[in-house]
Amino acid sequence: MIGGRVVIGALVPLTRPGWVEAGRHLLAGLELAVRDVNDAGGIAGRALELVVRDTAADPQRAAAAVDELARLGVAALAGEYHSVVARAAAARADALSLPFLCSSAVLDALTEQPTQWVARLAPAQSHGWRIYADFLLGAGHSRIAVAAEPSVYWASGTRILRDHLAPRGGTVIELDLRALTPAAVCDELVGNRATALLLLAGHPEPAVSIVRSVRRDRRLAEIMIGAPAGQPEFAAWATSLGDDGAAIPFLRYLPERLSPLGTRIGTALRERLAEAPSFVAFEGYDTVAVLADVLRSHDADRARTAESWPRVAVEGTRGHIRFSRTPGISVWQWTWTPVQVVDRDPVEPDRFRVLHTG
């Protein structure tokens with residue numbers, strides 16, 4: 001507690017090179033849930049407060065923020081969107097014995113060793129990206145090119161795809177974006193007879209330039225472009241690319257139909273954001289809902305909070321949330337949030353089409 005208030009530290013990318021739009025949605029969900037908790041009486045009559053720190057997609061900045069928030073006396077940490085940043089935050093939280101509920105990052109190895117201090121809402125990358133690989137095979141794609149920037153996250157995604165697709169007759173062709181211009185990417189796709197191109201690259205660049213080049217190359221009229229990490233989820237994608245940004249499948253962590261709670265929160269998030277909420281906004285809301293439930297039970301004691309992960313049973317906006325230990329994953333994991341493969345409808349780009357569920 002700080003001054004009679006129960007305080008949660010929030011890690012959010014709010015400035016470039018962080019994915020600012022994702023950060024804004026994540027923060028909207030966190031803040032809305034704090035408001036709802038306080039409207040319902042707070043934490044045993046004490047106000048819940050959020051102290052926000054901008055990570056700007058910088059792992060060192062995130063680790064420093066964890067140190068600062070721990071010194072301030074926060075009861076727990078919440079948030080973060082970028083996997084590599086969340087990994088740095090989780091390592092510091094583990095070292096400082098500070099509970100951390102990660103909202104959005106999916107990298108399987110969020111910590112090097114198993115830890116009791118960290119839990120996660122988003123599905124592990126190996127789970128979601130295997131579902132995406134199944135979608136590719138079901139859509140008839142077996143020669144798949146990945147245009148990737150250097151990153152632990154992108155490299156992990158490529159490995160998951162290859163390991164899942166190879167035994168099923170699929171081939172993954174790696175294109176190094178450090179060495180290829182968008183035009184050269186098009187030439188490689190033609191030369192390798194790829195039927196699908198997956199963008200494992202940042203938005204807006206180089207992703208936008210690659211999409212434009214591929215869409216304008218008559219040799220590639222039949223190729224499917226995909227973005228499993230979710231770049232097309234946000235409005236800035238449609239603003240940047242217009243019609244070119246449609247029909248690009250990505251992963252989204254929402255159920256086919258929201259519950260009454262999810263519908264109510266979705267309406268409130270839309271009002272707060274002045275646009276349709278992404279799944280990241282729902283992740284933010286669910287994060288605070290879980291932490292508030294735990295903090296009410298354990299009087300904001302850090303050790304007791306961490307011990308409570310396996311006993312969590314909270315009705316979230318996207319389903320019933322429980323945490324368990326999952327092979328190959330070092331943190332307490334919700335297994336699993338609903339997973340969809342969706343795209344923007346070419347006829348109506350503001351509408352999403354569900355193509356596959358897992």
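Up top is the structure.
This text gives an overview of the structure that appears in the document.

Rules of the game
- Residues numbered from 1 in each chain as written.
- Predicted model: local features only at pLDDT ≥ 70, side-chain atom pairs only at ≥ 80, totals over all residues.
- Heavy atoms only, no water.
- Helix = DSSP H or I, 4+ residues; strand = E, 2+ residues; numbered from the N terminus.
- Rg over C-alpha atoms; globule rule 2.2 N^0.38 Å.
- Buried < 20%, exposed > 50% of the residue type's maximum accessible area, 1.4 Å probe, protein only.
- Contact = heavy atoms within 4.5 Å.
- Areas by Shrake-Rupley, 256 points an atom, 1.4 Å probe, with all protein chains shown as cover.
- Lys, Arg positive; Asp, Glu negative; His and termini not counted.
- Charge placed at Lys NZ, Arg CZ, Asp CG, Glu CD.
- Pairing = 2+ DSSP bridges.
- Axes fitted to C-alpha atoms, helices over the stretch in contact; angles between N-to-C directions.
- Arc of directions from axis to C-beta.
- Phe/Tyr/Trp six-rings, centres within 6.5 Å; stacked < 30°, edge-to-face > 60°.
- Parallel < 35°, antiparallel > 145°, perpendicular 65-115°, else oblique.
- Left-handed = near helix turned anticlockwise from the far one by under 90°.
- Nonpolar A, V, L, I, M, F, W, Y, C, P; charged D, E, K, R; others polar.
- Core = buried A, V, L, I, M, F, W, Y, C linked by side-chain atoms within 4.5 Å.

Counting secondary structure elements, the chain contains 11 helices and 16 strands. Expected size for 358 residues packed as a compact globule is a radius of gyration near 21 Å; at 20 Å, the chain falls within 12% of this value. Expressed as lengths along the three principal axes of its C-alpha atoms, the size of the chain is roughly 65 × 40 × 35 Å. Every one of the 358 residues in the chain was classed for burial, and the buried ones make up 57%. Pairs at least 24 apart in sequence give 69% of the contacts found in the chain among residues at least 6 apart. Here the chain has roughly 14,000 Å² of accessible surface; of this, 50% comes from carbon and sulfur atoms. When the 38 basic and 40 acidic side-chain charges of the chain are each reduced to a single mean position, those positions are 2 Å apart.

Moving on to the sheet that holds strand 8 (residues 196-200). The strand order 7-6-8-9 describes an open sheet built from four strands, whose pairing is parallel. Of all the strands in the sheet, just strand 7 (171-176) and strand 9 (224-226) have a single pairing partner and so form its edges. Looking at each pair of strands side by side, their axes are set apart by 25° on average, direction ignored. Summarising the sheet, strand 6 (residues 143-148) and strand 7 pair through six bridges and their orientation is parallel. What sits directly across from Val146, in strand 7, is Glu174.

Another aspect to go through is helix 6 (residues 182-191). Among the residues of helix 6, those classed as buried are Val185, Cys186 and Leu189. Here the buried residues of helix 6 occupy an arc of 100° about the axis, which is enough to place them on one side. Where the residues of helix 6 are buried, they touch strand 6, strand 7, strand 8 and helix 7 (207-216). Residue Arg193 follows helix 6 closely and has a positive phi angle near 55°.

Considering the arrangement of structural elements, one finds Asp36 in helix 1 (residues 20-39). Each C-alpha atom, one on Asp36 and one on Glu68, is 27 Å from the other, the two residues being 32 residues apart in sequence. Once residues lying within four places of it in the same chain are set aside, the contact partners of Asp36 are Arg264, Ile265 and Tyr285.

Counted according to the given criterion, the structure contains eight aromatic pairs. Between Trp129 and Tyr153, the ring centres sit 5.9 Å apart and the planes meet at 80°, which makes this aromatic pair edge-to-face. Placement of the pair is Trp129 in helix 4 (residues 125-138) and Tyr153 in helix 5 (residues 152-165), with a sequence separation of 24 residues. The exposure classification of Trp129 matches that of Tyr153, with both residues buried.

For the rest of this paragraph, the subject is the pairing of strand 1 (residues 6-12). A regular strand carries its side chains on alternate faces of the sheet. The buried fraction of strand 1 amounts to seven of the seven residues, a majority that puts the element mostly inside the structure. As paired strands, strand 1 and strand 2 (residues 48-54) are joined by seven bridges and run parallel to one another. Bridge pairing in strand 2 places Gly9 opposite Val51. Bridge count for strand 1 against strand 3 (residues 76-79) is four bridges, and the pairing is parallel.

Contact geometry of helix 1 with helix 9 (residues 260-273) gives a least axis separation of 10 Å together with a crossing angle of 120°. In terms of orientation, helix 1 lies oblique with respect to helix 9. Viewed along their axes, helix 1 and helix 9 form a crossing whose handedness is right-handed. Of the residues in helix 9, those touching helix 1 at Arg24, His25, Ala28, Gly29, Glu31, Leu32, Arg35 and Asp36 are Arg264, Ile265, Ala268, Leu269, Arg272 and Leu273. Residue classes in the contact of helix 1 with helix 9 are distributed as six nonpolar, two polar and six charged.

This part takes up the nonpolar core. Residues Leu48, Trp129, Leu198, Trp309 and Phe323 are the most contacted members of the largest nonpolar core, which totals 100 residues. With 11 residues, helix 10 (residues 279-298) is the single largest residue contributor to this core. In contact with Trp309, not counting residues within four places along its chain, are Pro99, Phe100, Leu101, Gln116, Trp117, Val118, Ala119, Leu291, Phe323 and Trp332. Counting residues in each nonpolar core, the second largest holds 24 residues, with Leu177, Ala194, Val214 and Leu241 among its members.

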